[in-house]
Amino acid sequence: MLRKERTSSYQQFIDEDEDEDEGNGQSPDFLDDATDDLEHDELDDLNNLDEPNEFIKPNEQHKPNGSVTQEEDIRTSGLSMRFSKTCLKNVFTVVLIFIYLLLTAVAAFLAYQTISDFFQKLHNPVMSVTYDEVDSFPPPGIVVFPGRAQLLSCRHHNHDYIPPLVDPGKPQESDCEILNVTYIGPFKNETEKKAMVVRGPSDVKNKELIFMQFSHNETEEDFSAISYMLFANFSDLKNSANKSKFMRQCERNHSIRSFSGGFRTWVKMSLVKTSGRNTQAVEFREESAVVKFNDKRPQSERTNQLFFAVFEWRDPFVQEIRLIVTANAWNSVAILCGVFMALFKAANFAKLAIQWIIKMRKRHLRNKLRELNQMT
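A quick note: this is a predicted structure, and the numbers were derived from the prediction, not measured. (Residues numbered from 1 in each chain as written. Predicted model: local features only at pLDDT ≥ 70, side-chain atom pairs only at ≥ 80, totals over all residues. Heavy atoms only, no water.)

All right, on to the nonpolar core then. Ranked by size, the top nonpolar core spans 25 residues in total, and within it Val 144, Met 212, Phe 214 and Phe 311 carry the most contacts. Counting only elements with at least two residues in this core, the list comes to strand 2 (141-145), strand 5 (192-199), strand 6 (209-217), strand 7 (225-231), strand 9 (263-275) and strand 11 (304-324). For this core, the element with the most residues is strand 11, which contributes five residues. Setting aside residues no more than four positions away along its own chain, Phe 214 makes contact with Val 144, Pro 146, Gln 150, Leu 151, Leu 152, Met 196, Ile 226, Phe 259, Gln 305, Leu 306 and Phe 307. (Core = buried A, V, L, I, M, F, W, Y, C linked by side-chain atoms within 4.5 Å. Buried < 20%, exposed > 50% of the residue type's maximum accessible area, 1.4 Å probe, protein only. Helix = DSSP H or I, 4+ residues; strand = E, 2+ residues; numbered from the N terminus. Contact = heavy atoms within 4.5 Å.)

Here's what the structure looks like:
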């Protein structure tokens, strides 16, 4: 009689447990393996309580004390086994949650590092330098601002050879192409400037050079120097419809240098092309060597200071500098997609694991309450 009452009472608590699970509105597919194992364990315990105890002999069935003791041992062993499985699953779930949290932190750091590297590479392009060998350059424009100085001669020579000077300080024959341009300076003073533009050397294979000689009365100024400027192509000025505007633009974009009187200034030019994302610039790099002029003129003729300038290409190579952006947007997008997918899966797993722990905790409390009711 006692066994039947306990069986009906245990069945009633199971029915209440199932009603509570249905009332919670949770999906029956929620962590199927864990819940199925627990339900199978409960059903096994219930079947063990409903079936007659095969270990009790027929002559001992009339002994109530021995029957109750045997049933309590079976029930205690089943409950302890179920509790050990539940506890093991809870520990395993907690460990998995910590692992997924660690992976989430690593994924977040990887996303931050990927975005930072992308913007750093985007704002700091890599410089690629190449050298192209040529036989000749486009003739540059050599802009000389003589002021009150007088051009005595301008000649082309080859193979780094300049013949000895004949009658220095006196006008001589010239074979240079020269354009005289008058324009207003591009800066605030807006002074009128007179420029003498000389067609520069082009045959770098034969080491073509231009040798110019100027004369200037040094008694009128404290310092004696003649300024000059270089630009990329003499033909640009020659074909320009507005030469004054062209010269103002050149002076705004190029630097002005000078060579001193009483010396021979040898200027060696090199061409550098810089290509950016949307712009392209041409720059002249210059190396100059200065040699003192030994003036052998009579003392009466030395009142005029002599200026000597030589312009030549340094080597037959054009240096091209390209700014390359190494940041690849597609690689960054692919990495970020993988990172956010990992974050989403980790968050989903953590949510399901927490819900499963809460459900197992409630089930464990109900089992404890059921045991207390059975004992009373």
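Once you've had a look at it, read on.
Right, let's get into a nonpolar patch on the surface. Residues Val 91, Val 95, Ile 99, Tyr 100 and Leu 103 make up a contiguous nonpolar surface patch of about 420 Å² in total accessible area. Checked against the element boundaries, Val 95 lands in helix 3 (residues 64-123). Classification of Val 95 as partly exposed rests on a relative accessible area of 43%. (Patch = residues over 30% accessible without salt bridge, like charges linked within 9 Å, V, L, I, M, F, W, Y side chains within 5 Å. Areas by Shrake-Rupley, 256 points an atom, 1.4 Å probe, with all protein chains shown as cover. Salt bridge = Lys/Arg side-chain N within 4 Å of Asp/Glu carboxyl O.)

The next subject is the state of the cysteines. What the rule picks out here adds up to one disulfide. Each sulfur in the disulfide pair Cys 154 and Cys 176 lies 2.2 Å from the other. Judged by the sign of its S-S torsion, about -85 degrees, the cystine formed by Cys 154 and Cys 176 is left-handed. With Cys 154 in strand 3 (residues 150-157) and Cys 176 in the loop between strand 3 and strand 4 (178-184), the pair connects residues that are 22 residues apart, well separated along the chain. Each member of the pair, Cys 154 together with Cys 176, is buried. (Disulfide = S-S within 2.5 Å.)

Counted by the stated rule, this structure contains nine aromatic pairs. Centroid distance Phe 211 to Phe 308: 6.0 Å. Interplanar angle 10 degrees. Geometry classified as stacked. Remark: Phe 308 occurs in strand 11 and Phe 211 occurs in strand 6; sequence separation between them is 97 residues. Comparing Phe 211 with Phe 308 shows no difference in burial state: the two are buried. (Phe/Tyr/Trp six-rings, centres within 6.5 Å; stacked < 30°, edge-to-face > 60°.)

With that out of the way, let us pick up the side chain of Ser 202. Tracing the chain through its elements places Ser 202 in the loop between strand 5 and strand 6. Since its relative accessible area comes to 16%, Ser 202 is described here as buried. Apart from the residues lying within four places of it in its own chain, the contact partners of Ser 202 are Asp 135, Ser 136, Phe 137, Pro 139, Glu 208 and Trp 313.

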